[in-house]
Amino acid sequence: MSELVEYDAQHCFHPFSNYHDLNRKGSRMIERAEGVYIFDEHGHQILDGMSGLWCVNLGYSCQPLIEAATKQLSELPYYNLFFQTSHPPAARLAKLLAEVTPEGMNHVFFTGSGSECNDTVVRMVRYYWNNLGKTNKKTIIARKNAYHGSTIAGASLGGMEFMHKQTGCLVPDIVHIDQPYAFGEYDGDDIQAFGLERARQLEAKILELGEDNVAAFIAEPIQGAGGVIIPPESYWPEIQRICDKYEILLVADEVICGFGRTGEWFASQTYNIRPDLLCMAKGITSGYLPLGGVMVRDEVAQVLKDANSEFAHGFTYSGHPAACAVAIANIEEMQKQHIIPTLKESIIPYFADKWQQLAQHPLVGEARSKGMVGAIELVRDKASKERYSKELEVGMMCRENCIASGLVMRAVGDTMIVSPPLIITKQEIDLLVERATLALDKTLANL
Ligand SMILES: *Cc1c(COP(=O)(O)O)cnc(C)c1O
């Protein structure tokens, strides 16, 4: 163990880690990065198939983002948006976000992270309905196996059972319906019917609770941390219909999907949905500095503006100037580099095709992708989708083999997922799939 790994093991608690294992094995020190590659302390080059944590969309060497941060830090390193003050980067970014987010969304509430966005959602939707005199409209419907962050409200909205168990005191009036996970939870061959059935659970839940008691439905357009769960095409139109029919606010958690991940600025555009609130973080700054924001639809914003009371909510780092400056540079750079047209015309179809080839591997039961996220399901038997026994931890085994082959691919149980930087080239996609194949071969040999 190097000196640094020892300091880390002795003093640093890590997010979502088993401290027993961590202290025994030590952490992998990532020392520097360049383009789509990270380098560990031994100089190993690793292709970052996860863009850090789904955030480094423009890769690790985007000079304009670094310059924007540096310039802002020397002009105004900190000020806040409380008590009727503002600063130029927040005002400029708010204007720019109104332009790139879906039609009819022209107001933003800045936060410091995705979790803080979802805390804001819980408070904002209840504040909204209170102001309309519908004080019973409190319950928020979310989905099992969703990820909405790790604050108490984020974990409560999320549908991760292992998190609920550790959280103990969950936020009341949050309920969960099933996810549209066809590979894992459906045996038939009419995927569209399955999508409709899962969407209609929302309607059933609203009827069960009573429309007058339901405030909002929240979901990730594509579930990320849950295992890149791509809904059937039938799913979202039905959800939209139900939200409209029963006057339920639709909240799109686009913390992963936003800023080009699905080949449009936002997945709400990809799936043609009309959210009332839209959560952003991660790719908003390509991860260079922490920032989040909740976009608010005009009709909802109007109610908040008409309310003659204070919305008693906000964070010290809501709209941090340097983070806002980086977000502006990030959006401008996406435009200058034609990221979205390039993805749509060339990179996404190429990635989809290459990724699909992994389905031929004997260990892979399904390969799926949408935009620049992909998943493969590791199985013992391709035809029956039978899994390996849990104790074998095949996903973890595969993840370790990926690292050894020079690739970061994440394991969610026995589902392997990727979300590469949006600047990835065709050659780098070839390399990603080549290294993934190598890791799959090794994993099969281990088994
Ligand atoms: C990562 C994530 C969050 C939480 O964001 P943090 O910045 O880690 O608080 C919320 N929602 C989704 C969909 C995410 O992927």
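Residues numbered from 1 in each chain as written. Predicted model: local features only at pLDDT ≥ 70, side-chain atom pairs only at ≥ 80, totals over all residues. Heavy atoms only, no water.

Peer 1: Just checking my understanding: could you explain the overall build of the chain for this structure?
Peer 2: Counting its secondary structure elements, the chain contains 17 helices and 15 strands. For a compact globule of 447 residues, the expected C-alpha radius of gyration is about 22 Å, and the chain comes in at 22 Å, within 12% of that figure. Its C-alpha atoms give the chain principal-axis dimensions of about 65 × 55 × 45 Å. Counting all 447 residues of the chain, 54% fall into the buried class. Taking the contacts inside the chain whose residues are at least 6 apart along the sequence as the reference set, 71% of them involve residues at least 24 apart. Surface accessibility of the chain: about 19,700 Å² in total, with carbon and sulfur atoms responsible for 52%. Charged side chains in the chain number 40 positive and 56 negative. The centres of these two groups are separated by 2 Å. (Helix = DSSP H or I, 4+ residues; strand = E, 2+ residues; numbered from the N terminus. Rg over C-alpha atoms; globule rule 2.2 N^0.38 Å. Buried < 20%, exposed > 50% of the residue type's maximum accessible area, 1.4 Å probe, protein only. Contact = heavy atoms within 4.5 Å. Areas by Shrake-Rupley, 256 points an atom, 1.4 Å probe, with all protein chains shown as cover. Lys, Arg positive; Asp, Glu negative; His and termini not counted. Charge placed at Lys NZ, Arg CZ, Asp CG, Glu CD.)

Peer 1: Can you help me understand the domain arrangement of the chain in this one?
Peer 2: Much of the literature gives interface size as the accessible area that the parts lose upon coming together. Domain boundaries in the chain define domain 1 (35-58 + 338-446) and domain 2 (64-336). One C-alpha centre belongs to domain 1, the other to domain 2, and the line joining them spans 26 Å. Domain 1 puts 35 residues into the contact, and the matching count from domain 2 is 35 residues. Across the domain 1 to domain 2 interface the summed buried area is about 2,700 Å²; carbon plus sulfur atoms make up 60%. Our count for the domain 1 to domain 2 interface comes out at two salt bridges. K370 is paired through a salt bridge with E233; the nearest N and O atoms lie 3.3 Å apart. (Domains from an automatic or database assignment. Buried area = accessible area lost by both parts, 1.4 Å probe. Salt bridge = Lys/Arg side-chain N within 4 Å of Asp/Glu carboxyl O.)

Peer 1: Can you walk me through the side chain of S156 in this structure?
Peer 2: Relative to the assigned elements, S156 resides in helix α7 (residues 152-157). Residue classification places S156 among the buried positions, given a relative accessible area of 3%. A distance of 2.6 Å separates a polar atom in the side chain of S156 from the backbone oxygen of I152. With near-sequence residues (within four places) excluded, S156 lies in contact with H164, L170, V171, I174 and H176. (Polar contact = N/O pair within 3.5 Å; in protein donor to acceptor, adjacent residues only side chain to side chain.)

Peer 1: What is the right way to look at the sheet that holds strand β7 (residues 214-219) in this model?
Peer 2: Hydrogen bonds between backbone groups are what pair the strands of a sheet, and the pairing can be parallel or antiparallel. Across the sheet, seven strands lie side by side as β4-β10-β9-β8-β7-β5-β6; this open sheet has mixed pairing. On the outer flanks of this sheet lie β4 (105-111) and β6 (174-177), each paired with one strand and no other. Along the sheet, successive strands turn relative to each other by an average axial angle of 25°, direction set aside. Relative to strand β10 (residues 292-297), strand β9 (residues 277-280) runs antiparallel, the two being bridged by four bridges. Considered in β10, the bridge of M280 is made with G293. (Pairing = 2+ DSSP bridges. Axes fitted to C-alpha atoms, helices over the stretch in contact; angles between N-to-C directions.)

Peer 1: What is the right way to read the site of the ligand from this model?
Peer 2: If you check the shell around the ligand, you find S113, G114, S115, N118, Y147, H148, G149, E220, D253, V255, I256 and K282 and nothing else. Within the backbone of G114, a nitrogen or oxygen atom sits 2.9 Å from an oxygen atom of the ligand. The side chain of D253 places a nitrogen or oxygen atom 2.7 Å from a nitrogen atom of the ligand. For the ligand, whose free accessible area comes to 380 Å², the fraction covered by protein is 83%. Residues of the shell around the ligand, tallied by class, amount to three nonpolar, six polar and three charged. (Near = heavy atom within 4 Å. Nonpolar A, V, L, I, M, F, W, Y, C, P; charged D, E, K, R; others polar.)

Peer 1: I would appreciate a short explanation of the packing of aromatic side chains in the present structure.
Peer 2: The description of an aromatic ring pair uses the distance of the two centres, along with the angle that the planes make with each other. Taken as a whole, this structure holds 13 aromatic pairs when the rule is applied. Between the aromatic rings of Y235 and W236, the centroid separation amounts to 5.5 Å while the plane-to-plane angle is 85°, which identifies the pairing as edge-to-face. Given the relative accessible area of 0%, Y235 is considered buried. On the basis of an interplanar angle of 80° and a centroid distance of 6.3 Å, the ring pair of F259 and W265 is categorised as edge-to-face. Each member of the pair, F259 as well as W265, carries the same accessibility label: buried. One aromatic cluster is present, formed by Y78, Y79 and Y317 through successive ring pairs. One Lys or Arg, K137, reaches over the ring of W129 and ends 4.6 Å from the middle of that ring. (Phe/Tyr/Trp six-rings, centres within 6.5 Å; stacked < 30°, edge-to-face > 60°. Lys NZ or Arg CZ within 6 Å of the ring centre and 35° of its normal.)

Peer 1: Help me understand the layout of surface pockets, please; the structure alone is not making it clear to me.
Peer 2: One way to see where empty space is left: roll a probe the size of a water molecule over the atoms. Of the pockets and cavities examined, the second largest pocket occupies roughly 970 Å³. Where the lining of the second largest pocket is concerned, the elements lending two or more residues are α5 (88-100), β4, α6 (114-131) and α13 (298-306). The dominant element in the lining of the second largest pocket, judged by the number of residues it contributes, is β4, at four residues. Classifying every residue of the lining of the second largest pocket by side-chain character gives 16 nonpolar, eight polar and two charged. (1 Å grid on protein atoms, 1.4 Å probe; cavity = no way out; pocket = protein on both sides within 12 Å on 5 of 7 lines; lining within 4 Å. Points joined across faces, edges and corners; volume = space filled by probe spheres on them.)

Peer 1: Just to check I follow, could you spell out the state of the cysteines for this structure?
Peer 2: A covalent bond between the sulfur atoms of two cysteines is what we call a disulfide. Taken as a whole and judged by the stated rule, the model has zero disulfides. Not part of a disulfide, C12 finds its nearest cysteine sulfur in C55, a span of 18 Å. The partly exposed category is assigned to C12, whose relative accessible area is 33%. Here C62 stays unpaired: no disulfide links it, and the sulfur of C55, its closest cysteine neighbor, is 13 Å away. By relative accessible area, which is 5% here, C62 ends up buried. (Disulfide = S-S within 2.5 Å.)

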